[in-house]
2 protein chains.
Amino acid sequence: MANLKYSKQRETIKEYLRSTTEHPTADMVYDKVRETFPNISLGTVYRNLNLLVNEGEAIRISCGDSSERFDGNTSNHYHFMCTKCHRVSDLFNIESLDHINALAANNFNGVIEGHVAYFYGICEECKGK
Amino acid sequence: MANLKYSKQRETIKEYLRSTTEHPTADMVYDKVRETFPNISLGTVYRNLNLLVNEGEAIRISCGDSSERFDGNTSNHYHFMCTKCHRVSDLFNIESLDHINALAANNFNGVIEGHVAYFYGICEECKGK
DNA sequence: TTAATAACAGTAATCATTGCTAATATTGTG
DNA sequence: CACAATATTAGCAATGATTACTGTTATTAA
């Protein structure tokens, strides 16, 4: 698709995203990757995150928070955000909600191509507190 | 709930939100309300939009765009965003999608309180082009 | 080996949003 | 009505997330 050249920095970012389920922000990725590349710049992190999303190697998650989050798991799944601790977790229990596209298409004169959805509530860890 | 005092500025913002279906950003509200109050400041617009959302007089819509949008229609409904023109429109045809909360709650150990969802695709106006 | 060019670190700039402050408007009470 | 308490305002500075720029370095293909 594009003329991408290999870079150690991008590879490290991709590996980190694949290894974690914490759905990090760009800043969290920056902090983590600096353990390997102490001089990496935040701009490089942002540029590579965008490249990875464009290449389909990562997903951008917008949960209304001030900053975006990224997910190295590109399989189709939904997310849950805890309103107490603001952590984002994966919901692998739902197969697909694509049937709601048909509901939305009813009496609608445009073309529904898809949807964005996430759930919120209290996560298991925060429930007891 | 709060100790709110009346203000012409807030009333004008509220009226505008109620009168339109264009789901304006803070900047669009600013441009509109400046027709009535040429000296109103953008900070006043932001503060009043936040107040109106807190009072339940408006809804904040986050569609992954760079800026938030606001809706004076507080009845329960979903939104559609055109990927071509980026306009947001209302979907009054769907009653409710609350059944997806139960789907998400399956085999999930936290508490699902609700969901955020919007649809995307091509709007009627952009379809022909 | 070299030439072309993508990627880099460092830094400045942008954009949306919030915070601050002194002046003004609203509201309840005497 | 007058007045005191205080919410609201305009104007502007500050913040935070993200992107743009620039001169140098790394990757790649011939």
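These numbers were taken from a predicted model, which means no experiment stands behind them. (Residues numbered from 1 in each chain as written. Chains lettered and ligands numbered in written order. Predicted model: local features only at pLDDT ≥ 70, side-chain atom pairs only at ≥ 80, totals over all residues. Heavy atoms only, no water.)

### Describing the domain arrangement of chain A
A common way to express how large an interface is: the accessible area buried when the components associate.
All names here are of chain A.
Working step 1: We note that the domain assignment places domain 1 (8–71) and domain 2 (78–127) within chain A.
Working step 2: Each of domain 1 and domain 2 has a C-alpha centre, and these two points are 22 Å apart.
Working step 3: Taken together, the ten residues of domain 1 in the interface contact seven residues of domain 2.
Working step 4: Carbon and sulfur atoms supply 56% of the area buried between domain 1 and domain 2, which totals about 690 Å² over both sides.
Working step 5: At the junction of domain 1 and domain 2, the tally comes to six residue pairs in polar contact (both at pLDDT 80 or more).
Working step 6: Of the residues in the side of domain 1 that touches domain 2, the class split is two nonpolar, four polar and four charged. (Domains from an automatic or database assignment. Contact = heavy atoms within 4.5 Å. Buried area = accessible area lost by both parts, 1.4 Å probe. Polar contact = N/O pair within 3.5 Å; in protein donor to acceptor, adjacent residues only side chain to side chain. Nonpolar A, V, L, I, M, F, W, Y, C, P; charged D, E, K, R; others polar.)

### Comments concerning the protein's contact with DNA strand D
Working step 1: Residues in contact with DNA strand D amount to 21 residues; listed here are only the nearest, A:Tyr46, B:Lys5, B:Ser7, B:Thr44 and B:Arg47.
Working step 2: In DNA strand D, atoms within 4 Å of the protein come from the sugar-phosphate backbone in 79% of cases.
Working step 3: A distance of 2.8 Å separates a phosphate oxygen of DNA strand D from a polar side-chain atom of B:Arg10.
Working step 4: Here a phosphate oxygen of DNA strand D sits 2.6 Å away from a polar atom, N or O, in the side chain of B:Thr44.
Working step 5: Those elements that provide at least two residues to the surface near DNA strand D are α3 (42–54) of chain A together with α1 (8–19) and α3 (42–54) of chain B.
Working step 6: Classifying every residue of the surface near DNA strand D by side-chain character gives five nonpolar, ten polar and six charged. (Near = heavy atom within 4 Å. Helix = DSSP H or I, 4+ residues; strand = E, 2+ residues; numbered from the N terminus.)

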